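In case you want the letters, here they are:
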Amino acid sequence: MLRFLMLTVVIVLVMSASLCSAGEKQTPSEAPTAEFISASLRNQLHKSAVKVTYYVADDVDGECDIRATYLRSPNFWSYTGERGSELAWGEYDKKTGLSRSYVIDQKNRLVGIITDYEAEGLTVAELPDPILHNMPTGKLADIIGSGTVSEKPEVVDGNSCWRVDITPRERPNDLYSVYVDTKIDCLPRKIVCKWRGGQIDVSNLSSYENIGGIWYPKQWRWEATGASGKPVHRELKIAGVELVSEAAASKSRPFPSGTIVVDMVNDLEYTIP
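Parameters and conventions
Residues numbered from 1 in each chain as written. Predicted model: local features only at pLDDT ≥ 70, side-chain atom pairs only at ≥ 80, totals over all residues. Heavy atoms only, no water. Helix = DSSP H or I, 4+ residues; strand = E, 2+ residues; numbered from the N terminus. Contact = heavy atoms within 4.5 Å. Polar contact = N/O pair within 3.5 Å; in protein donor to acceptor, adjacent residues only side chain to side chain. Pairing = 2+ DSSP bridges. Core = buried A, V, L, I, M, F, W, Y, C linked by side-chain atoms within 4.5 Å. Buried < 20%, exposed > 50% of the residue type's maximum accessible area, 1.4 Å probe, protein only. Expected span 1.5 Å × (residues − 1). Salt bridge = Lys/Arg side-chain N within 4 Å of Asp/Glu carboxyl O.

Enquirer: Would you mind showing me how to read the overall build of the protein here?
Expert: A tally of regular secondary structure across the protein gives four helices and 18 strands. Sequence-distant contacts in the protein: of pairs separated by 6 or more residues, those separated by 24 or more amount to 50%.

So this is what it looks like as structure tokens:
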């Protein structure tokens, strides 16, 4: 079954920091601290709810693989992906701490999953979120605060950026290098992840636009090179970004009739009438 249909979606973040709590101001000529960058990213999560429509395509044939919609509000995230007649969706409610996802399993059954922990889902190759970029040790806005900022800016696609190197304590053989641009609220223009085992993932985020005070990339190109040296390409093209009400972005959807629900919180399994 297609990989995107096997997602169980939960995004668990603590978003208490703000730019004010950073306790400092940065000028374009001086390097921002890693803590300031993290606070800047977290602050944007609270500005407005957004709705993003996009598709994911492979370089092999250039055809649309997945058509998707992503909704993000301060307390609720949801994703819907379609490929032909196949459908998958997932949502996370920060207030309740519960996630719900809907997939078609390998037996072609409609399955709903309820969990109270962070699971696989909304990963780097499917989700165009420059703030909640998912890595093995956490989301970008969280882990970037532990990084080391370069002494001098570097140029990425003609833009002056500060490189933040992150060596996660949980995976000391990994190295994440994030190139952030202070002119767009410290959002990344490039993310390079060097994994233990030799794989290198590179994400290039481009064509940022300011949508009601929120910067969002209109293109996201991802390339992975494994130990074999053979690259794999994926491209996310964003058709539209719009601000929506928090109520609209936080609307939960019911499981369809006939769905087999696996409730991992209460250790139950039942079928929706």
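What follows picks up the thread again.
Enquirer: Looking at this structure, how should I read the side chain of R189?
Expert: Inspection of the secondary structure puts R189 in strand β13 (residues 187–194). Of note is the side chain of R189, whose polar atom sits 2.7 Å from the side chain of D181. Beyond its immediate sequence surroundings of up to four residues, R189 is in contact with V156, N159, C161, Y179, D181, I184, S203, N204, L205 and Y208.

Enquirer: How should the environment of V232 be read in this particular structure?
Expert: Note that V232 resides in strand β16 (residues 231–244). Between the C-alpha atoms of V232 and W222, which are ten residues apart in sequence, the distance is 8.2 Å. Non-local contacts of V232, meaning those with residues more than four positions away in its chain, are made with W222, E223 and A224.

Enquirer: Would you mind going over the pairing of β16 with me for this structure?
Expert: Every other side chain in a regular strand lies on the same face of the sheet, so the side chains alternate between the two faces. Sheet analysis places strand β1 (residues 49–58) next to β16, joined by ten bridges and oriented antiparallel. Within β16, the position partnered with A49 by the bridge is V244. Across seven bridges, the pairing between strand β15 (residues 214–225) and β16 is antiparallel. Its bridge partner being in β16, E223 is matched across the sheet by H233.

Enquirer: I'm lost on the pairing of strand β17 (residues 260–263) in this one. Help?
Expert: Alignment of strand β6 (residues 110–115) against β17, held across four bridges, turns out to be parallel. Of the residues in β17, the one forming a bridge with V111 is I260. Relative to strand β18 (residues 268–271), β17 is paired through four bridges, and the arrangement is antiparallel. Of the residues in β18, the one forming a bridge with V261 is Y270. The turn joining β17 and β18, which pair antiparallel and follow one another in sequence, is formed by four residues; a positive phi near 55° is taken by D267.

Enquirer: What should I look at first to understand the nonpolar core in this one?
Expert: Across soluble globular proteins, nonpolar side chains have a tendency to be buried as a group. Counting residues in each nonpolar core, the largest one holds 43 residues, and the members touching the most others are L41, V52, Y54, Y70, I144 and Y216. Each residue touching Y216, except ones within four places of it in the same chain, is listed here: V50, V52, Y70, R72, P128, D129, P130, S207, Y208, E209, I238 and V241. Counting residues in hydrophobic clusters, the runner-up holds five residues, among them W89, I114, F255 and V261.

Enquirer: Just to check I follow, could you spell out helix α2 (residues 34–45) for this structure?
Expert: Along an α-helix, a turn takes 3.6 residues, which lines up residues three or four apart on a common side. Along its twelve residues, α2 runs 18 Å from first to last C-alpha, staying within 8% of the 16 Å computed at 1.5 Å per residue. Across the twelve residues of α2, ten count as buried, placing the element largely inside the fold. Buried within α2 are the following residues: A34, F36, I37, S38, A39, S40, L41, R42, Q44 and L45.

Enquirer: What is the right way to look at the pattern of salt bridges in this model?
Expert: Two side chains that carry opposite charge are able to pair once their charged atoms sit near each other. Inspection of every chain in the model, using the stated rule, returns eleven salt bridges. For D142, the salt bridge goes to R42, with nearest N and O atoms at 2.8 Å. Of this pair, D142 sits in helix α3 (residues 140–143) while R42 sits in helix α2, and the two are 100 residues apart along the sequence. A relative accessible area of 27% means that D142 is categorised as partly exposed. Accessibility expressed as a relative area gives 13% for R42, which makes it buried. For D185, the salt bridge identified is with K47, shortest N-O distance 3.5 Å. Of this pair, D185 sits in the loop between β12 (175–181) and β13 while K47 sits in the loop between α2 and β1; the two residues are 138 residues apart in sequence, bridging distant segments of the chain. Note on D185: relative accessible area 25%, which makes it partly exposed. Bridged by salt links that share partners, the residues E154, R163 and D165 form one connected network.

Enquirer: Could you clarify how one ought to interpret unusual backbone geometry in this entry?
Expert: Most peptide bonds are trans, and most residues other than glycine sit at a negative phi. Unusually for a residue other than glycine, D185 sits at a positive phi of about 60°. The phi angle at C186 is positive, at roughly 65°, despite the residue not being glycine. Among the secondary structure elements, C186 is positioned in the loop between β12 and β13. When its relative accessible area of 2% is taken as the criterion, C186 is described as buried.

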